[in-house]
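The chain contents come next:
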Amino acid sequence: MTRNLLEPPETLLPENEAAQGELAAGTDPAEVAAHHPTFSAAWATLAESALDAGENIAAYAYARTGYHRGLDALRKAGWKGFGPVPWRHVPNQGVLRSVAALAKAARAIGETDEYDRCRQLLADSDPASLEATDLA
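These figures come from a predicted structure and were not determined experimentally. (Residues numbered from 1 in each chain as written. Predicted model: local features only at pLDDT ≥ 70, side-chain atom pairs only at ≥ 80, totals over all residues. Heavy atoms only, no water.)

(A) Structural view of the overall build of the protein. The helix and strand tally for the protein stands at 7 helices and 0 strands. Going through the 136 residues of the protein one by one, you find that 43% of them count as buried. Across the protein, the fraction of contacts at a sequence separation of at least 24, relative to all contacts at a separation of at least 6, is 58%. For the protein, the accessible surface area stands at approximately 7500 Å², while carbon and sulfur atoms represent 52% of it. One finds the centroid of the 12 positive side-chain charges in the protein at a distance of 6 Å from the centroid of its 19 negative side-chain charges. (Helix = DSSP H or I, 4+ residues; strand = E, 2+ residues; numbered from the N terminus. Buried < 20%, exposed > 50% of the residue type's maximum accessible area, 1.4 Å probe, protein only. Contact = heavy atoms within 4.5 Å. Areas by Shrake-Rupley, 256 points an atom, 1.4 Å probe, with all protein chains shown as cover. Lys, Arg positive; Asp, Glu negative; His and termini not counted. Charge placed at Lys NZ, Arg CZ, Asp CG, Glu CD.)

(B) Expanded view of empty space enclosed by the protein. If you walk through the whole model with that rule in mind, you get 1 cavity of 30 Å³ or more. Taken as a whole, the largest cavity spans an internal volume of roughly 50 Å³. Looking at the largest cavity, the residues that line it are Leu71, Leu74, Trp79, Val85, Val95, Leu96, Val99, Leu121 and Ser125. Listing elements by their share of the lining of the largest cavity, those giving two or more residues are helix H4 (56-76), helix H5 (90-108) and helix H6 (112-125). Considering each element in turn, the lining of the largest cavity owes the most residues, 3 residues, to H5. Looking at the lining of the largest cavity, its residues break down into 8 nonpolar, 1 polar and no charged. (1 Å grid on protein atoms, 1.4 Å probe; cavity = no way out; pocket = protein on both sides within 12 Å on 5 of 7 lines; lining within 4 Å. Points joined across faces, edges and corners; volume = space filled by probe spheres on them. Nonpolar A, V, L, I, M, F, W, Y, C, P; charged D, E, K, R; others polar.)

(C) Representation of the nonpolar core in the model. Leu74, Leu122 and Leu135 are the most contacted members of the largest nonpolar core, which totals 27 residues. For this core, the secondary-structure elements that each account for two or more residues are helix H3 (40-52), H4, H5 and H6. Tallying contributions element by element places H5 first for this core, with 9 residues. Those residues in contact with Leu122 that sit more than four places away from it in its chain are Leu96, Val99, Ala100, Pro127, Ser129, Leu130, Thr133 and Leu135. In this structure, Ala19, Leu23, Ala33 and Ala42 belong to the second largest nonpolar core, which totals 9 residues. (Core = buried A, V, L, I, M, F, W, Y, C linked by side-chain atoms within 4.5 Å.)

(D) Main features of unusual backbone geometry. A positive phi is found at Asp134, a non-glycine position, where the angle reads about 60°. Here Asp134 shows up in the segment after helix H7 (128-132). You can call Asp134 exposed: its relative accessible area is 66%.

Here it is in structure tokens:
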């Protein structure tokens, strides 16, 4: 694959094996978030569950937390606010799922501008994230 030299390199978040292991073992995502508050996948899981239950305000709050913690992690990993954040890299999926959940919760409460911004962030980060999160 040829890389555009004017485009920033992909941002790849580091693994958090402890937090991922807790989630994979079935630990309550709220407990995982309490143990690992910077782990966006826990917040994304909480947001997705709240969306599934029709709890749109709770989903919005969980997703916004995962979104902000994810942006902090991306910046720490060298992201400058733009550039590829590939979905295929599993550690990136927590923040991308949080952005998608924020978009869905925003749409559910009538925050159209927020929905559009989040959807655009996903498209700019990796268009594959839109399909993976049912926002395509």
